Amino acid sequence: MATLKVPAHVPAPSEDAEQLHKAFEGWGTNEQLIIDILAHRNAAQRNSIRKAYHEAYGKELLKSLDEELSSDFERAVVLFTLDPAERDAYLANESIKRFTSSNWVLMEIACTRSSHELFNVRKAYHARYKKSLEEDVAHHTKGDHRKLLVPLVSAFRYEGEEVNMTLAKSEAKILRDKISDKHYSDEEVIRIVTTRSKAQLNATLNHYNTAFGNAINKDLKPDSDDEFLKLLRDAIKCLTVPEKYFEKVLRQAINKLGTDEWALTRVVTTRAEVDMVRIKEEYQRRNSVTLEKAIAGDTSGDYEKMLLALIGAGDV
C-alpha cells in the first residue's frame with residue numbers, strides 16, 4: 001500500500017536526467033526541481049534515471065547530489081534515490097559503524113523486509129562492502145543481542161499464508177513457559193522469533209493472547225535498563241504490526257527536545273513506497289495530529305518539502 005505519488009505521465013529517464021543536470025547548473029541549485037522529479041518516481045524509475053544520467057554525463061547521479069546538496073535534505077534525497085536493497089545495505093553498514101542504536105536499525109531491516117528483500121540486502125551488502133552482513137553483525141554485537149540479531153539478518157522465512165494451528169498452540173506454550181521463567185534469550189524463544197513465517201508468528205501470538213490472557217509484549221514489558229528485552233519486543237512488533245513500530249519511531253524522533261533527523265529520514269525514505277498509508281493512519285490515531293502536520297511543525301525548508309512529498313502530503 002504505497003503512498004508515493006507517481007505522475008500519470010512520467011517523462012523518459014533521459015528527460016529526467018537532463019532536467020536534473022539543469023538543476024545542478026548555474027549559480028544556485030534548483031532544489032524544487034530535484035524534489036519534483038526524484039520524490040515522484042518509483043524505485044525502478046529512479047534506477048533508470050541514474051543509468052541515463054551516467055550515460056549522458058559520465059558521472060554518478062548520487063555523486064552530483066552529494067556535491068550540490070547538504071545536510072538533512074541531501075541525506076533524504078540520496079537515501080531515497082538509492083535502490084531499496086542498496087539503501088538498506090548502506091543503512092545497516094552505517095548503523096554498525098556508528099554504534100548508536102545500531103541494533104535497532106539492524107533489527108528493523110531484518111524484521112520488516114520480505115525474505116526476498118532481505119536476501120537482496122545481503123547481496124547488496126556483500127557487493128558493496130566485500131563482507132557478509134552476518135559477519136559484520138556478529139563482529140559488532142555480543143551476548144544476547146548477537147544471539148538474536150545474527151539469525152534475524154540471516155533469515156529466509158516462508159512468505160505464504162499457510163498456518164499450522166497445532167504448532168501455533170505448542171509454540172505459544174513454549175514462549176509462555178520461557179517468559180514466565182524469565183528465560184528471554186532461551187534458544188527456543190530465539191528460534192521461534194527468527195525462523196517462523198510472519199503468518200505463523202501471528203497465529204502463535206494470537207493464541208498466546210487468548211490462552212494466557214495477555215499479549216506477549218505485555219509479558220515482556222522490560223525493566224527500563226534491559227536493552228535486550230526492548231529489542232526482542234520491538235522485533236516482535238516489527239514482525240507482526242510494523243506500522244505500530246514505525247509510528248513509535250516517528251513519534252520519538254519528532255517529540256524529542258531536538259528532532260532526531262536520522263530516524264525521521266530513515267523511516268520516511270524506507271517506508272514511502274511500502275506502508276506509509278498505514279503508518280500515517282496509526283500516527284494520527286495515536287497522536288491526534290496528522291504526520292504531515294507533525295513533520296511540518298518540526299522541520300523546515302527543502303528538507304521539510306522532501307519529506308512531505310515522500311509521505312504523500314496533499315494526495316487525494
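- Per an unreviewed UniProt entry, the chain carries the name Annexin and comes from Hibiscus trionum.
- Comment text from UniProt for the chain, heading Sequence similarities (unreviewed entry), reads "Belongs to the annexin family."

1. Considering the overall build of the chain
- A tally of helices and strands in the chain yields 20 helices and 0 strands.
- What you see for the chain is a C-alpha radius of gyration of 21 Å, in line with the 20 Å of a compact globule of 316 residues.
- Projected onto its principal axes, the C-alpha positions of the chain cover 65 × 45 × 35 Å.
- By sequence separation, contacts in the chain at least 24 residues apart represent 68% of the contacts at least 6 residues apart.

2. Focus on the packing of aromatic side chains
- Under the defined criterion, the tally for this structure stands at 6 aromatic pairs.
- For the pair Tyr125 and Tyr129, a centre-to-centre distance of 4.8 Å together with 50° between the ring planes defines the contact as tilted. One end of the pair is Tyr125 and the other is Tyr129, both in helix H8 (residues 115-129) and 4 residues apart, which spans about a single turn. No difference in accessibility class separates Tyr125 from Tyr129, as the two residues are buried.

3. Overview of the UniProt feature "binding site: Ca(2+) 1" (unreviewed entry) in the chain
- The positions that UniProt labels "binding site: Ca(2+) 1" (unreviewed entry) are, in the present scheme, Phe24, Gly26, Gly28, Glu68, Ile254, Lys256, Gly258, Ala296, Thr299 and Glu304. Across 281 residues, the annotated set is spatially dispersed, with a maximum C-alpha separation of 38.4 Å.
- Following the sequence through the fold, Gly26 ends up in the loop between helix H1 (13-24) and helix H2 (31-38).
- Within the secondary structure, Glu68 sits in helix H4 (residues 61-68).
- A relative accessible area of 31% places Glu68 in the partly exposed class.
- In this structure the side chain of Glu68 is engaged in a polar contact, spanning 2.8 Å, whose partner is the side chain of Thr29.

4. Quick notes on the pattern of salt bridges
- Evaluated as defined, the whole model comprises 24 salt bridges.
- Of the charged contacts, one joins Asp186 and Lys178 as a salt bridge, the two residues approaching to 3.4 Å between their closest N and O atoms.
- Notably, a salt bridge pairs Asp275 with Arg271, separated by 3.0 Å at the nearest N-O pair. Just as Asp275 is buried, Arg271 falls in that class too.
- Each of Glu171, Glu188, Arg191 and Arg196 takes part in one network of salt bridges that share partners.

5. As for the UniProt feature "binding site: Ca(2+) 3" (unreviewed entry) in the chain
- UniProt annotation of "binding site: Ca(2+) 3" (unreviewed entry) refers to Asp298 when read in the numbering used here.
- Of note, Asp298 is situated in helix H19 (residues 291-298).
- Every residue in contact with Asp298, bar those within four places of it in the chain, is listed here: Ala253, Ile254 and Thr259.
- Within polar-contact distance, the side chain of Asp298 engages the side chain of Thr259 at 2.5 Å.

6. Digging into the nonpolar core
- By size, the foremost hydrophobic cluster in this structure holds 92 residues, and its most contacted members are Ile34, Leu65, Met107, Leu133, Leu264, Ile295 and Met306.
- It is helix H15 (residues 227-240) that provides the largest number of residues to this core, a total of 8 residues.
- Here Ile34 is in contact with Leu20, Ala23, Phe24, Thr29, Ala39, Leu65, Leu69 and Val77, once residues within four sequence places are set aside.

7. Things to note about unusual backbone geometry
- For Ser71, which is not glycine, the phi dihedral falls at a positive 50°.
- Along the chain, the position of Ser71 falls in helix H5 (residues 71-81).
- Classification of Ser71 by relative accessible area gives exposed; the value is 56%.
- Even without being glycine, Lys130 reaches a positive phi, approximately 55°.
- Along the chain, Lys130 falls in the loop between H8 and helix H9 (133-140).
- By relative accessible area, which is 64% here, Lys130 ends up exposed.

8. Quick notes on the packing of helix H3 (residues 43-57) against H4
- Running from N to C, H3 and H4 point in directions that differ by 85°, and their axes come no closer than 8 Å. As the angle between them shows, H3 and H4 are arranged roughly perpendicular. Within the contact between the two elements, H3 uses Ile49, Arg50 and Tyr53 and H4 uses Leu61, Leu62 and Ser64.
- In terms of residue class, the contact of H3 with H4 is made up of 4 nonpolar, 1 polar and 1 charged.

What counts and how
- Residues numbered from 1 in each chain as written.
- Predicted model: local features only at pLDDT ≥ 70, side-chain atom pairs only at ≥ 80, totals over all residues.
- Heavy atoms only, no water.
- UniProt positions renumbered as here; feature names shortened; annotations may be inferred.
- Helix = DSSP H or I, 4+ residues; strand = E, 2+ residues; numbered from the N terminus.
- Rg over C-alpha atoms; globule rule 2.2 N^0.38 Å.
- Contact = heavy atoms within 4.5 Å.
- Phe/Tyr/Trp six-rings, centres within 6.5 Å; stacked < 30°, edge-to-face > 60°.
- Buried < 20%, exposed > 50% of the residue type's maximum accessible area, 1.4 Å probe, protein only.
- Polar contact = N/O pair within 3.5 Å; in protein donor to acceptor, adjacent residues only side chain to side chain.
- Salt bridge = Lys/Arg side-chain N within 4 Å of Asp/Glu carboxyl O.
- Core = buried A, V, L, I, M, F, W, Y, C linked by side-chain atoms within 4.5 Å.
- Axes fitted to C-alpha atoms, helices over the stretch in contact; angles between N-to-C directions.
- Parallel < 35°, antiparallel > 145°, perpendicular 65-115°, else oblique.
- Nonpolar A, V, L, I, M, F, W, Y, C, P; charged D, E, K, R; others polar.

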